[in-house]
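Residue-level structure breakdown
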Number of protein chains: 4
Amino acid sequence: MVGQQFIALLAGHPWFRVAWLGASQRSEGKAYRDAAAWRLAAPLPGDVAGMTVDGATPGRAPRLVFSGLDSAVAGDVEAAFAAAGHVVVSNARNYRMEPTVPLLIPEINADHLALAAAQRAALGWPGLIVTNPNCAVVVLAMTLAPLRAFGLSKAAVTTMQAVSGAGYPGVPSWDILANVIPHIGGGEEDKVEAEPGKILGRVNSGAIDPHPVVISATTTRVPVRDGHTGSIAVALEEQPPLEAVIEAWSAFRGEPQALELPSAPPRPLVYLPEANRPQPALDAGRDRGMAVSVGRLRRCPILGYKFVALGHNTIRGAAGAAILNAELMHRRELV
Amino acid sequence: MVGQQFIALLAGHPWFRVAWLGASQRSEGKAYRDAAAWRLAAPLPGDVAGMTVDGATPGRAPRLVFSGLDSAVAGDVEAAFAAAGHVVVSNARNYRMEPTVPLLIPEINADHLALAAAQRAALGWPGLIVTNPNCAVVVLAMTLAPLRAFGLSKAAVTTMQAVSGAGYPGVPSWDILANVIPHIGGGEEDKVEAEPGKILGRVNSGAIDPHPVVISATTTRVPVRDGHTGSIAVALEEQPPLEAVIEAWSAFRGEPQALELPSAPPRPLVYLPEANRPQPALDAGRDRGMAVSVGRLRRCPILGYKFVALGHNTIRGAAGAAILNAELMHRRELV
Amino acid sequence: MVGQQFIALLAGHPWFRVAWLGASQRSEGKAYRDAAAWRLAAPLPGDVAGMTVDGATPGRAPRLVFSGLDSAVAGDVEAAFAAAGHVVVSNARNYRMEPTVPLLIPEINADHLALAAAQRAALGWPGLIVTNPNCAVVVLAMTLAPLRAFGLSKAAVTTMQAVSGAGYPGVPSWDILANVIPHIGGGEEDKVEAEPGKILGRVNSGAIDPHPVVISATTTRVPVRDGHTGSIAVALEEQPPLEAVIEAWSAFRGEPQALELPSAPPRPLVYLPEANRPQPALDAGRDRGMAVSVGRLRRCPILGYKFVALGHNTIRGAAGAAILNAELMHRRELV
Amino acid sequence: MVGQQFIALLAGHPWFRVAWLGASQRSEGKAYRDAAAWRLAAPLPGDVAGMTVDGATPGRAPRLVFSGLDSAVAGDVEAAFAAAGHVVVSNARNYRMEPTVPLLIPEINADHLALAAAQRAALGWPGLIVTNPNCAVVVLAMTLAPLRAFGLSKAAVTTMQAVSGAGYPGVPSWDILANVIPHIGGGEEDKVEAEPGKILGRVNSGAIDPHPVVISATTTRVPVRDGHTGSIAVALEEQPPLEAVIEAWSAFRGEPQALELPSAPPRPLVYLPEANRPQPALDAGRDRGMAVSVGRLRRCPILGYKFVALGHNTIRGAAGAAILNAELMHRRELV
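Scoring rules and cut-offs
Residues numbered from 1 in each chain as written. Chains lettered and ligands numbered in written order. Predicted model: local features only at pLDDT ≥ 70, side-chain atom pairs only at ≥ 80, totals over all residues. Heavy atoms only, no water. Least-squares fit on C-alpha atoms with pLDDT ≥ 70 in both. Contact = heavy atoms within 4.5 Å. Core = buried A, V, L, I, M, F, W, Y, C linked by side-chain atoms within 4.5 Å. Buried < 20%, exposed > 50% of the residue type's maximum accessible area, 1.4 Å probe, protein only. Buried area = accessible area lost by both parts, 1.4 Å probe. Salt bridge = Lys/Arg side-chain N within 4 Å of Asp/Glu carboxyl O. Polar contact = N/O pair within 3.5 Å; in protein donor to acceptor, adjacent residues only side chain to side chain. Helix = DSSP H or I, 4+ residues; strand = E, 2+ residues; numbered from the N terminus. Nonpolar A, V, L, I, M, F, W, Y, C, P; charged D, E, K, R; others polar. Pairing = 2+ DSSP bridges. Axes fitted to C-alpha atoms, helices over the stretch in contact; angles between N-to-C directions.

**Brief notes about the relation of the copies chain C and chain B**
Rotating chain C by 180 degrees and translating it 0.0 Å along the rotation axis places it on chain B, where the RMSD comes to 0.0 Å. Interpreted geometrically, this transformation is the action of a two-fold axis. The C-alpha atom lying nearest the rotation axis in chain C is that of Ser173 of chain C; the distance is 2.0 Å. Both copies present the same face, since 100% of the interface residues in chain C are matched by interface residues at the equivalent positions in chain B.

The following block contains the structure:
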């Protein structure tokens, strides 16, 4: 799913052009259109359809490589590319928590790119690996970032995640039709609890001091095609009025907006005042899937504040996130 | 939905027989089969199908009356029946928080029936009104009841509720197909935050001292037919090991089990050890829809403990709950 | 649903601008944004959001009026507008089978606009009513039009229709979640059996000689958001090879393509060679919802040929159809 | 799915008891509860849960063996069991069209068991293989059987099939959520077109003379959990009134009813007069999933008659069908 979303989003991109495709041996040597059935409503770009799929090894690949690899293989493959001098913009989880690998959300922590030098020193390769967060983490981290100003200390989240987040074939339909599965494999809850601290942290002499926020996550799967929803409660040391929180979200901007990066949404966070929003079917695609929607902010009698947030998991939470990372790096002349 | 579920559950009941049906003027005088299309998979009992629907007024009704009325009319109608000497076993919300009206879950608070005398005195009627909780509350309260022994002080819940909970026609399909609606109207979250304290409380000279538990609720609608799921976190003053909590749930029994009431599930709470349970499609119907399923107990870094619970909303959370209440009252000779 | 789709599609239209909104008394006088909740993923255009809704009466309305009215009121209201000199481009069923009212699919029967003079004479009004077909008919008629050349004589169709076709609130979610309803009210099957003959017919001295095709329809509702699918079998007097049929579909073009109307899809019919297409989730939105997708052409041992077709019911089958009709009329200087 | 359904249906069976389980090498030696996650709402019987799974080879197996094997392996495995003297009651497709193998629906063709002697002679084994039809065929063949009396000559069917029919993991959720897939792999349409003729045929000196009915099938997948629906049109040489057809269905009984077999539904075909039935969510489970529901009989302007039929695909269309076959054979002392 993520690989196809990369290709759909890169069609007509003003800066990048798909010049090479690498995959496992099973697909190597095939035309892309024959390597796997196209499963998105957006059309398969004609020029990519006919490209021959290469192996997942450096050599013929251009300098910038996007990785939507499964974590079972991403570790070795991405290291091989970095060792061969490539800039790897990865959606895989393998290197996210590596101290010198940036775990980027450009609106929040564009300055984490400063880790590049430390990474080359620590890992001994001429290339670079930069990662984006887990798809459920993006929604959470984006809404938490502006709350640091109010003394964010705790966040509890229950997610309701779309089936596209499990890849393809992913969740069997028998398991999810008219059902909820209250568990997501692969350590999903651990990632949601661990990644935001690093994302929200500060660069400190070649490493990240994580933001001190305690997170508790329950992750569930629901019969939704695209869009991860989170029911979130937070503790803020200051006790701002609700309006101030909404204002902080609405005013939130970052480097992508300042630099007018091609994939940047005009407003990274959009607060919806209607009582029954955000909803995946209506809001996941906001601003080409790159804006995170927030709603239902109200008092929580336990933690202080609660709200609902939503983002498009294969765009803002995966392929679009990686492309935004590459756009930032391109403007910073790291690519 | 609840009215039909009453009729389905009472078919072949060993103690009760449907002898009278009352509804709004729109249905009055019609045969039941013609008053509204039957929408359950369980068959419409032939004897009820041909009964003529009466108005929602006392007179021809027998002493015991079940009420699945909409809250817009339940207040006046139920009072009229109680004033006419009927025992009203109600699923409506109107009298739940009335100080002298029992808000019953027989496994938890069968002793709350002691309010009957105070109710007659306070409300001045010869009959009686007894209520069951909101459909989402049953799941929460059942799992919280055994936790009082560990010093239960806080509970945060995000629900994922089935469409049958909204009645009929209820949620338009456009709103919920492959979607999540992060809001349920009619004050659902207020009910979930308010009712458990009373349910878990103690009778104290004709009134209930509520259990001191702070509850925070977010209620959402998901594309599920039957079964409300809750992602729940709790604070317990004692810090029991996880095994002790599971043991407390598994050992939990109440009056319905002691009295072997016809609708009583053998075990009110069933803990499922599998990582991905409970699920509405597999677990909502457990023990004819009367058992609450629990799973995924684990540590919560914020409140201490978290888990997932599930119950059948139109059976354990509505019609089945009311019938169990009536069975208890029958054995206590209140009916 | 259709009214909102009209507004979404007219946002940024090169020729038309929403200048007036009329609705029933319940909405009259309200700002459009307050008259009904916006239910599409496409944004509500800001200029329309603030417009005040007028009554459904002529007077302040501009000459061209789109009607997405319910059939219960469309008859009188549309007649009143036509009598007041308006050109009414209607999606309602009331006048579709009226002998002098064009039932237009511009790719098929743009020449049916020649009925305009006869209509004014017959119905005695200075304005004009032009209609588009039922949403399930468009898919069928589009695929049948090129088959007239092969001696089309019979067509049997079983539809699987999306919930948006029932409007809002439309189908209750309890009825359709993980279910199929093998019936659609409002005479759906009669419309599917009756309308194509007129659409495919010829103008003959101020009336339409219908195309002699016998149609049998079974219409069902499935849990799909947008996109009506038809399983279609046809009898053709000639026995063309399958390739010739595919070629006839693929080569099919009409006035909208010749005139390059703004809403015209480049190819009205797109044949998909994959064995498992078309699918509503992937194909309904093709060419902004204006192209009909066809697939699975093969021999039928009973009628001769069978295939599957799909179109977007609220765009190609309703609002987009009407807008395309108006574009054609604008170019013909009828508006 | 079918294997689990076998175990669920055999729990508490009055004549049969699960004494042995065979599966592929991957499961061999494991306790059944560990070999595959249990995925039905019905509970996994405790005695079967702990049984050790054997290999799929004769030896320790009892005489009667049910086979829910995948067709990729069923051919060899079932032949090996028959060669070893077992009676194999199979749900696999491999031997269904073999001339001397009964393709049984006991209500229709209990007399086809007379092929047993011819099978032993032709295939040279001491055992016996008996099959039940494809899950979509059962629904069609059951409704066609009583129509032979009216000169049944043609039947066109479009199916809307549940995801459980594809087994597990089966259809990926991304492909089917809020979608229709107009194609089912594995030659589904060929089976639907071929099997009914044999089922409806007559034994003639050790072989079956098929009933001369021409069938055209389009098979589709819809987001339904259980229950295959068919939109069916038929040509009947006689032109009976609709009431006569309904009467023929309603009066239909066969050997299972005469013999009061434990799994026999009291009425194999139940005609529902409501305009919008049968529906999978309401009707698939009728009579423990063993009755086929029919509705919407009306005139078809092309073939003469059309209607909608529905049956539970993993019960009446698979495991329940096989068990009914075995019950018939038990009473005939073939087991």
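So, next bit.
**Here we look at the nonpolar core**
Formed by 90 residues in total, the largest nonpolar core has its most connected members in Met329 of chain A together with Met329 of chain D. Residues in contact with Met329 of chain A, not counting those within four places in the same chain, are Val87, Val89, Leu113, Leu128, Val130, Leu334 and Val335 of chain A. Counting 89 residues, the second-largest nonpolar core is a separate cluster that includes Ala318 of chain B together with Phe16, Val87 and Ala110 of chain C.

**Points about the interface of chain A and chain B**
Taken residue by residue, the interface counts 41 residues in chain A and 41 residues in chain B. With both sides pooled, the region where chain A packs onto chain B buries about 3100 Å², and carbon together with sulfur makes up 62% of that total. Among the residues of chain A in contact with chain B, Val180, Pro182 and Ile302 of chain A are the three that bury the most area, contributing 19% of the side total. Inspection of the chain A/chain B interface yields six salt bridges. With a closest N to O distance of 3.1 Å, Arg298 of chain A and Glu189 of chain B form a salt bridge. Applying the counting criterion to the chain A and chain B interface returns 21 residue pairs in polar contact (both at pLDDT 80 or more). Where the side of chain A that touches chain B is concerned, the elements lending two or more residues are strand S6 (152–161), helix H9 (188–199), strand S9 (214–221), helix H12 (280–283), strand S12 (292–300) and strand S13 (304–311) of chain A. When grouped by side-chain class, the residues that make up the side of chain A that touches chain B number 22 nonpolar, ten polar and nine charged.

**Regarding the side chain of Asn132 of chain D**
Residue and element names in this part refer to chain D. By secondary structure assignment, the location of Asn132 is in the loop between strand S5 (128–131) and helix H7 (135–144). Here Asn91 takes part through its side chain, which lies 2.7 Å from a polar atom of the side chain of Asn132. Among all residues touching Asn132, those that are not within four sequence positions of it are Ser90, Asn91, Arg96, Leu103, Leu104, Gly317, Ala318, Ala321, Ala322 and Asn325.

**Quick look at the sheet that holds strand S3 (residues 64–67) of chain B**
Residue and element names in this part refer to chain B. Strand order across the open sheet formed by three strands is S3-S4-S5, with parallel pairing between neighbours. Strands with a single pairing partner mark the edges of an open sheet, and in this sheet they are S3 and strand S5 (128–131). Pairwise comparison of adjacent strand axes, ignoring direction, gives a mean angle of 20 degrees for this sheet. Of the pairings in the sheet, the one linking strand S4 (residues 87–90) to S5 comprises four bridges and is parallel in character. Looking at the pairing, Val89 lines up with Val130 of S5. In the packing of helix H14 (residues 315–331) onto the sheet, contacts are made with S3, S4 and S5, and the angle to S4 comes to roughly 145 degrees.

**Thoughts on the interface of chain C and chain B**
In this complex, chain C contributes 19 residues to the contact, which on the side of chain B involves 19 residues. The largest share of the area that chain C buries against chain B comes from Trp174, Leu177 and Arg225 of chain C, three residues that together contribute 49% of it. Counting across the interface, chain C meets chain B through zero salt bridges. The tally of links from chain C across to chain B stands at ten residue pairs in polar contact (both at pLDDT 80 or more). Tallied by class, the residues present in the side of chain C that touches chain B amount to twelve nonpolar, three polar and four charged.

**Regarding the relation of the copies chain A and chain B**
Overlaying chain A on chain B yields an RMSD of 0.0 Å, the required transformation being a rotation through 180 degrees with an accompanying axial translation of 0.0 Å. Most of the interface of chain A is mirrored in chain B, where 100% of its interface residues again form contacts.

**Remarks on the pairing of strand S10 (residues 228–236) of chain B**
Residue and element names in this part refer to chain B. With respect to burial, S10 is a largely interior element, nine of its nine residues being buried. Where burial is concerned, the two faces of S10 agree: the one with His228, Gly230, Ile232, Val234 and Leu236 and the one with Thr229, Ser231, Ala233 and Ala235 are both buried. Bridging between strand S6 (residues 152–161) and S10 involves eight bridges; their strand directions are antiparallel. Its bridge partner being in S10, Leu152 is matched across the sheet by Leu236. Of the pairings in the sheet, the one linking S10 to strand S13 (residues 304–311) comprises seven bridges and is antiparallel in character. Note that in S13 the partner of Gly230 across the bridge is Ala309.

In short, geometric facts, not functional conclusions.
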